[in-house]
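Structural description and commentary
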Amino acid sequence: MRAAVLHEIGQEKLEVHDDVEAVGFGPGKVRVRVRATGLCHSDLSAMSGVLPQPAPFVPGHEGAGEILEVGEGVRHLKAGDRVVLCWLPACGACPACKRGQTQLCLAGFMNAGTPNFKRTSGDVFGFAGTGTFAEEVVVDAGCAVPIPEDVPFDIAALIGCGVTTGLGAALNTADVQAGSSVAVIGCGGVGISAVQGARLKGAAEIVAVDPVASRRESALRFGATKAVSPDELAEAKQRVTGGEGFDYVFEVVGRSATARTAYENTRRGGTLVVVGAGAMDDFLQLNMFELFFDEKRILPSMYGGGDVLRSYERAIALWRAGRIDLAGLITHRVQLAEINEALDQMRTGTALRTCIEI
C-alpha cells in the first residue's frame, strides 16, 4: 500500500512509497482504510524534532476512515463501520482515567514506540501511534471511534484532533465566561476552533492574532470581533480592555516567546491557556514576584482538556446544529501524492487545514 514516510528527523519533505505494510493486526486490534486526514502543525513539529518521535515514521494523526477488519475480542466494531481515529485513547483503568481526566491517560503514548508499519528496508513507526498519511493503519480498537453515517470523512478527520483541541480549550479548560474579553494568538485550524469555542461561550470581544493576513481575515468569518498582527496586539489590548489585559488569552503556537506575550496580555487575575505543543528545551520564564502579585491562572490544555469521546459527540452535535463551521476550516485539498504541497501550505500559513484525500 502507499504511505508518506519521513526517513530522518529534520528532513522537510516526505516520500510516498507503495511498498509499505500496516502491521500488528491481532486480538484487540482493527485495520482501518483511511479515507481522509488533516495536516496538523504537530506533524511538522514531529518532522523537525520539536516533538519526540522515532524515525522513520509515517506522519498524520488526524484521520477518519472505515473498518476493514477487526481482531479477536473486538465487540463494538465491525467491518464497514465509519470511524474517526483517536490518537490518545483512554484505557479506562489508570489513575488519570479513574479521576475523569481521560485526556491525561498515557496508554496511547505507549503505542508511539511500537512500529505499526514496515517496508522491505525495515520497521516504520506511525506518528502518535497512528500514522494516517497511509492508505491503511492498524490500531488498538480503542483508537477507532464510530461516527454517524451523516458525518463526512473530512469533517470527522478534523474532529479527531484540531477541532477537539481548540474547542475544548475554550469550553473545557478555560470555561470562558459570557461577556468576557478573549485573545487568541495563532489562528490556524486549532486557533480558529478556539475562536469558535469562545464565541459559543458568549465572549463579548475576541481578538485574533496572527502574522498571516489571510488567517486574520478567516478569523473574522469564524467569530473574531477583531483581527490583528502581532505588532498590533498592544494597541488592541489598549482599545479593547483599556490597557488592563484580556480576561482570557489562548496561546496556540507552542513557543515560549508567544506564551510570554500571552502572559503579558492577560489581565491580573485573568487566565492564560497554553494550547500549542512546544519543545522540551524551550523554557517559559516567569519571576516569582509576578506569579504571586498578578495572580494569573496558567492552564495548559491537553487535547481539549476533557473527555475525548464526549468532545467528539459535542463537536458533531454543534456542527449538525450549524453552531460551528467545520467545512470552512478546510481551505485546501490534495491527494496523498501531493503531500509535500500540503506541508508547504502549512509552513507558509496559507492553509487553515489541508485535507489529504486518500
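Residues numbered from 1 in each chain as written. Predicted model: local features only at pLDDT ≥ 70, side-chain atom pairs only at ≥ 80, totals over all residues. Heavy atoms only, no water.

**Structural notes on the pattern of salt bridges**
- Across all of its chains, the model carries 21 salt bridges by this definition.
- Here D150 makes a salt bridge to R320, at a shortest N to O gap of 2.8 Å. Taken together, the positions of D150 in the loop between β11 (144–146) and α4 (153–159) and R320 in helix α11 (residues 308–320) put the pair 170 residues apart, joining distant regions of the chain.
- For the salt bridge of R268 with D294, the shortest nitrogen-to-oxygen distance reads 3.5 Å. Pair noted here: R268 is in strand β16 (residues 266–274) and D294 is in helix α10 (residues 288–294), with a separation of 26 residues, a long-range link.
- With a relative accessible area of 47%, R268 lands in the partly exposed category.
- Judged by its relative accessible area of 13%, D294 falls in the buried class.
- Three or more residues are tied together by salt bridges with common partners; here these are R31, E69 and E136. (Salt bridge = Lys/Arg side-chain N within 4 Å of Asp/Glu carboxyl O. Helix = DSSP H or I, 4+ residues; strand = E, 2+ residues; numbered from the N terminus. Buried < 20%, exposed > 50% of the residue type's maximum accessible area, 1.4 Å probe, protein only.)

**Examining the nonpolar core**
- Counting residues in each nonpolar core, the largest one holds 99 residues, and the members touching the most others are V30, F133, V182, F250 and I356.
- Both domains that furnish three or more residues to this core are identified here as domain 1 (3–161 + 306–357) and domain 2 (166–300).
- Each residue touching I356, except ones within four places of it in the same chain, is listed here: R35, A36, T37, G38, L39, F133, V334, Q335, L336, I339 and A342. (Core = buried A, V, L, I, M, F, W, Y, C linked by side-chain atoms within 4.5 Å. Domains from an automatic or database assignment. Contact = heavy atoms within 4.5 Å.)

**Topic: the sheet that holds strand β15 (residues 246–251)**
- Pairing is parallel in the open sheet, where 6 strands are placed in the order β14-β13-β12-β15-β16-β17. Each having just a single partner strand, β14 (226–228) and β17 (297–300) make up the two edges of the open sheet. Averaged over all neighbouring strand pairs, the angle between strand axes comes to 20°, with direction disregarded.
- Relative to β15, strand β12 (residues 181–185) is paired through 4 bridges, and the arrangement is parallel. Within β15, the residue paired with V184 across the bridge is F250. (Pairing = 2+ DSSP bridges. Axes fitted to C-alpha atoms, helices over the stretch in contact; angles between N-to-C directions.)

**Considerations on the environment of A315**
- Tracing the backbone shows A315 in helix α11.
- Once the C-alpha coordinates of A315 and R199 are considered, the two residues, 116 residues apart in sequence, prove to be 14 Å apart.
- Dropping the residues within four chain positions of it, A315 is found in contact with I159, V163, L167 and I324.

**Comments concerning the UniProt feature "domain: Enoyl reductase (ER)" (unreviewed entry) in the protein chain**
- As recorded in UniProt, the sites labelled "domain: Enoyl reductase (ER)" (unreviewed entry) are residues 10–352.
- End-to-end, the C-alpha atoms of residues 10–352 are 23 Å apart, and along that stretch the chain is 31% helix and 24% strand. (UniProt positions renumbered as here; feature names shortened; annotations may be inferred.)

**Some points on helix α6 (residues 189–200)**
- Compared with the 16 Å implied by 1.5 Å per residue over 12 residues, the 17 Å span of α6 between its first and last C-alpha is a close match.
- Most of α6 is tucked away: 11 of the 12 residues are buried.
- Of the positions making up α6, those classed as buried are G189, V190, G191, I192, S193, A194, V195, Q196, G197, A198 and L200.
- Positive backbone phi, approximately 90°, marks G202, located one or two places after α6. (Expected span 1.5 Å × (residues − 1).)

**Structural notes on the environment of L51**
- Considering the arrangement of structural elements, one finds L51 in the loop between α1 (41–48) and β5 (57–58).
- As for L51 and M280, which are separated by 229 residues in sequence, their C-alpha atoms are 7.9 Å apart.
- When neighbours within four sequence positions are excluded, L51 is seen to be in contact with S42, S45, A46, F127, A277 and G278.

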